[in-house]
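These are the residues of each chain, in order.
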Amino acid sequence: MGDPTRAKMLLALMGGLALPAGELAMSANVAPQTASAHLSKLVQGRLLKAEIQGRHRYYRLASAEIAAAIEALAAVAPRPGTKDRRESEEPNPLRFARTCYTHFAGTLAVEINDALQKRSFLIPGPDRQYRITADGRLWFEKLGIDMAGMKSGRSDFARQCLDWTERRHHLAGALGTELLQQFFELKWMARIGKTRAVRVTHRGQEQLSKLLGIRFRR
């Protein structure tokens, strides 16, 4: 992970999608032959899995645990400095809302997580887990999430994940994954191209403001 080229490739795969070697080479700004050597090391190190479809080879993170490790390392890494104050104040879509493997991350994810706790839907517990209250179960069910069909007793059901840009927790685990997918299903959120960045639709802004008191800049 410590090699800059391999680190860029791993971060490019944090969106949860499988990407071809050519696209990963472009994301790391290296030649295809160089990318191939790095990808081979990542597969041998069991950080990535490779899938062959036709003439193309696709890569994805080996597991959710690998994604959690990358996110944790990013959270403790030094923040990059900015020479221009105006540059630091420019909106950053990736920082505002993005996918963190299969769940939701960024400034908005942290605000949503805070709002869920403020309303006592989630209660922080030991081992970086959340406990879902009765009111919380009802709220998630009204949103369309099948709480009864999920194994709430599993250790990764509702996990606290330290956000690497905000240095605060967002919701991960099985419940975090279902919440993000429901946002997509309801058309409250949508991916921005093939990037990890996520945009909030007009309806999404209305509903998140109504249900959780989230404020959006106009």
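Residues numbered from 1 in each chain as written. Predicted model: local features only at pLDDT ≥ 70, side-chain atom pairs only at ≥ 80, totals over all residues. Heavy atoms only, no water.

1. Let's talk about helix α10 (residues 202-212)
Side chains of residues three or four places apart in an α-helix project in the same direction, reflecting 3.6 residues per turn. Threshold: Only protein chains enter the accessibility calculation, which uses a 1.4 Å probe. A residue is then buried if its area is under 20% of the maximum for its type, exposed if over 50%, and partly exposed in between. Note on conventions: DSSP H or I runs of at least 4 residues are helices, E runs of at least 2 residues are strands, and numbering of each starts at the N terminus. Residue contacts are defined here by distance: any two heavy atoms, one from each residue, within 4.5 Å place the two residues in contact.
The set of residues buried in α10 consists of Gly204, Gln205, Gln207, Leu208 and Leu212. As for α10, its buried residues are in contact with α7 (107-118), α8 (134-143), α9 (173-185), β10 (189-191) and β11 (198-200). A positive phi of about 70° marks Gly213, the residue just after α10.

2. Notes on the confidence of the model for the protein chain
Spelled out, the test is: Confidence of the predictor at the level of single residues is captured by pLDDT, which takes values from 0 to 100.
Averaged over the protein chain, the pLDDT score is 86; the fraction of residues at 70 or greater is 90%. Confidence drops under pLDDT 50 across residues 82-90; counting only partners more than four residues distant or on other chains, this segment forms 1 contact.

3. Points about the sheet that holds strand β2 (residues 48-53)
Rules: Strand pairing requires that DSSP identify at least two bridges connecting the strands. In this analysis an axis means a line fitted to C-alpha atoms, helices contributing only their contacting stretch, and an angle means the value between N-to-C directions, from 0 to 180 degrees.
Taken in spatial order, the 3 strands line up as β1-β3-β2 in an open sheet, and their pairing is antiparallel. Strand pairing shows two members of the sheet lacking a second neighbour, β1 (19-20) and β2, which therefore form its edges. Bridging between β1 and strand β3 (residues 56-61) involves 2 bridges; their strand directions are antiparallel. Opposite Pro20, over in β3, you have Tyr58 as the bridge partner. Of the strands in this sheet, β2 and β3 are in contact with helix α3 (residues 32-44), which crosses β2 at around 115°.

4. Brief notes about the packing of α8 against α9
Axes are the key here: two packed helices are described by the angle between their axes and the distance separating the axes. For clarity, the threshold we go by: By definition, any crossing whose near helix is turned counterclockwise from its far helix by less than a right angle is left-handed, and any crossing with a clockwise turn is right-handed. Each residue gets one of three labels, nonpolar for Ala, Val, Leu, Ile, Met, Phe, Trp, Tyr, Cys and Pro, charged for Asp, Glu, Lys and Arg, and polar for the others, Gly among them.
In the contact formed by α8 and α9, the axes pass within 11 Å of each other and the chain directions differ by 35°. As for the relative orientation of α8 and α9, their crossing is left-handed in sense. For the pair α8 and α9, the contacting residues are Trp139, Phe140 and Leu143 in the first and Leu175, Leu179, Gln182 and Phe183 in the second. Residue composition of the contact of α8 with α9, by class: 6 nonpolar, 1 polar and no charged.

5. Here's the deal with a nonpolar patch on the surface
Heads up, the rule is: Patches were defined on residues exceeding 30% relative accessible area and lacking a salt bridge, with like-charge contacts within 9 Å and nonpolar side-chain contacts (Val, Leu, Ile, Met, Phe, Trp, Tyr) within 5 Å. Note that accessible areas follow from Shrake-Rupley with a 1.4 Å probe, and for residues the cover is restricted to the protein chains shown. Whenever a carboxyl oxygen of Asp or Glu lies within 4 Å of a side-chain nitrogen of Lys or Arg, that contact is scored as a salt bridge.
Residues Met1, Leu73 and Val76 make up a contiguous nonpolar surface patch of roughly 290 Å² in combined accessible area. Turning to its location among the elements, Met1 is positioned in the segment before α1 (4-12). According to the relative accessible area criterion, Met1 is partly exposed, its value standing at 34%.

6. Quick word on the packing of aromatic side chains
For clarity, the threshold we go by: Ring pairs shown here join Phe, Tyr and Trp side chains whose ring centres sit within 6.5 Å, with only the six-membered ring taken for Trp; geometry is labelled stacked below 30 degrees between planes, edge-to-face above 60, and tilted in between.
What the rule picks out here adds up to 4 aromatic pairs. With a centroid separation of 6.3 Å and an interplanar angle of 80°, the aromatic rings of Phe104 and Phe183 are classed as edge-to-face. Taken together, the residues Phe104 in strand β5 (residues 103-105) and Phe183 in helix α9 connect sequence positions 79 residues apart. Both residues of the pair, Phe104 and Phe183, belong to the buried class. Pairwise contacts between aromatic rings join Phe104, Phe183 and Trp188 into one cluster.

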